[in-house]
Every structure is written in C-alpha cells, then in structure tokens.
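Next come the chains, spelled out residue by residue.
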Amino acid sequence: MIKTFPALACAAVIALTIAPAEAGSRDAIMAECAKQLGFSTSGCTCIADKADDELTDSQQFLLVASITETEAERPSGLRELTPEEVEEVMTFLGQAPGVCANK
C-alpha cells in the first residue's frame, strides 16, 4: 500500500500564504520522499520531476512545507495561493506517489 505525504491543510481552506520556492525545494522533496516513502532514487526523482513539471514555485514551496515532518525544517515565508492552487498541491500529494512507486 502506498503511503501519501501528510497534508498541512485541507484543500477547501481559504488561500494560504507562503513564499516562493527556494532552490532547495527539489532537494527537500527528494529527501522527504526517501525518508517517508522509502522510494529509490529513481522513484523520488520521478516525484521531484513531476513537481517541477506540474507545480509552480509557490506550489512547490507548499508541497515542501506540507511534507516536512519537523517544524524546524519547514520553510517559512509569505505569498498567497488561491484555493485552486492549494487543491492542485493536495491532488499532487495524493497521486504522485502512486505514479512513481515503481520507478
């Protein structure tokens, strides 16, 4: 059974505020993927590539904030996302692991 990344917020919430993604977003996605899902490097690369292709920088920032387990490691900052953008991130969280599990 494929685990999904824990979500920070429900997709139905009002707009969240976060900062643009930092250069370390891809590294954080790769690290949390390996740690939480136990995926191979190629599986985690698949997830990171999908994030690059399907999510904006701000959405990737939310993704990193959502999947980082310890508060001290979570990125912080401010920028608005629409409820639709948040929903896209939550959908990504639910689908990407299943798509990339066998990579």
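The sections below set out a description of the structure shown in this document. (Residues numbered from 1 in each chain as written. Predicted model: local features only at pLDDT ≥ 70, side-chain atom pairs only at ≥ 80, totals over all residues. Heavy atoms only, no water.)

Further remarks concern the overall build of the protein chain. Of the regular secondary structure elements, the protein chain holds four helices and zero strands. Its helices and strands taken in sequence order, the protein chain reads α-α-α-α from the N to the C terminus. For the protein chain, the proportion of its 103 residues judged to be buried stands at 39%. Intrachain contacts of the protein chain at a sequence separation of at least 6 include 79% that bridge at least 24 residues. Working note: accessible area of the protein chain is about 5,700 Å², and carbon and sulfur atoms make up 53% of it. (Helix = DSSP H or I, 4+ residues; strand = E, 2+ residues; numbered from the N terminus. Buried < 20%, exposed > 50% of the residue type's maximum accessible area, 1.4 Å probe, protein only. Contact = heavy atoms within 4.5 Å. Areas by Shrake-Rupley, 256 points an atom, 1.4 Å probe, with all protein chains shown as cover.)

Another point: the pattern of salt bridges. Enumeration over the complete set of coordinates arrives at four salt bridges. One salt bridge connects D49 with R26, and the closest N-O pair in it is separated by 2.6 Å. One end of the pair, D49, is in helix α2 (residues 41–54); the other, R26, is in helix α1 (residues 25–37), with 23 residues separating them in the sequence. Classification of D49 as partly exposed rests on a relative accessible area of 32%. Here K50 makes a salt bridge to E54, at a shortest N to O gap of 2.6 Å. Of this pair, K50 and E54 both sit in helix α2, separated by four residues, roughly a single helical turn. In this structure, a network of salt bridges that share partners links the residues R26, D49 and D52. (Salt bridge = Lys/Arg side-chain N within 4 Å of Asp/Glu carboxyl O.)

In this section: helix α4 (residues 83–100). Given a rise of 1.5 Å per residue, 18 residues ought to cover 26 Å, and the 26 Å separating the end C-alpha atoms of α4 matches this to within 8%. Taking the largest bend as the criterion, α4 deviates by roughly 30 degrees, centred on G94, and proline P97 comes between one and four positions later. Taken residue by residue, α4 has V86, V89, M90, F92, L93, A96, P97 and C100 as its buried positions. Each element contacted by the buried residues of α4 is listed here: α1, α2 and α3 (57–67). (Expected span 1.5 Å × (residues − 1). Bend = angle between axes of the 7 residues up to and from the residue.)

In this section: the nonpolar core. With 22 residues, the main nonpolar core has I29, F39, I47, L63, V89 and F92 as its most contacted residues. Breaking this core down by element, the ones donating at least two residues are α1, α2, α3 and α4. It is α4 that provides the largest number of residues to this core, a total of seven residues. Excluding residues within four positions of it along the chain, L63 makes contact with I29, A51, L55, V89, F92 and L93. (Core = buried A, V, L, I, M, F, W, Y, C linked by side-chain atoms within 4.5 Å.)

Let us look at the state of the cysteines. Covalent bonding between the sulfur atoms of two cysteines is what defines a disulfide. In the structure shown here, the tally under the stated rule is two disulfides. At a sulfur-sulfur separation of 2.2 Å, the disulfide partner of C33 is C44. Taking the sign of the S-S torsion, about -85 degrees here, the bridge from C33 to C44 comes out left-handed. Here C33 is found in helix α1, whereas its partner C44 is found in helix α2, with 11 residues between them in sequence. C33 gets classed as buried once you look at its relative accessible area, which sits at 0%. Linked covalently through their sulfurs, C46 and C100 form a disulfide whose S-S length is 2.0 Å. Residues C46 and C100 are joined by a disulfide whose S-S torsion is about -65 degrees; by sign, that bridge is left-handed. Here C46 is found in helix α2, whereas its partner C100 is found in helix α4, with 54 residues between them in sequence. According to the relative accessible area criterion, C46 is buried, its value standing at 15%. Look at the protein chain and number its bonded cysteines as they come in the sequence; the links are 1-2, 3-4. (Disulfide = S-S within 2.5 Å.)

That's the geometry; what it means functionally is another story.
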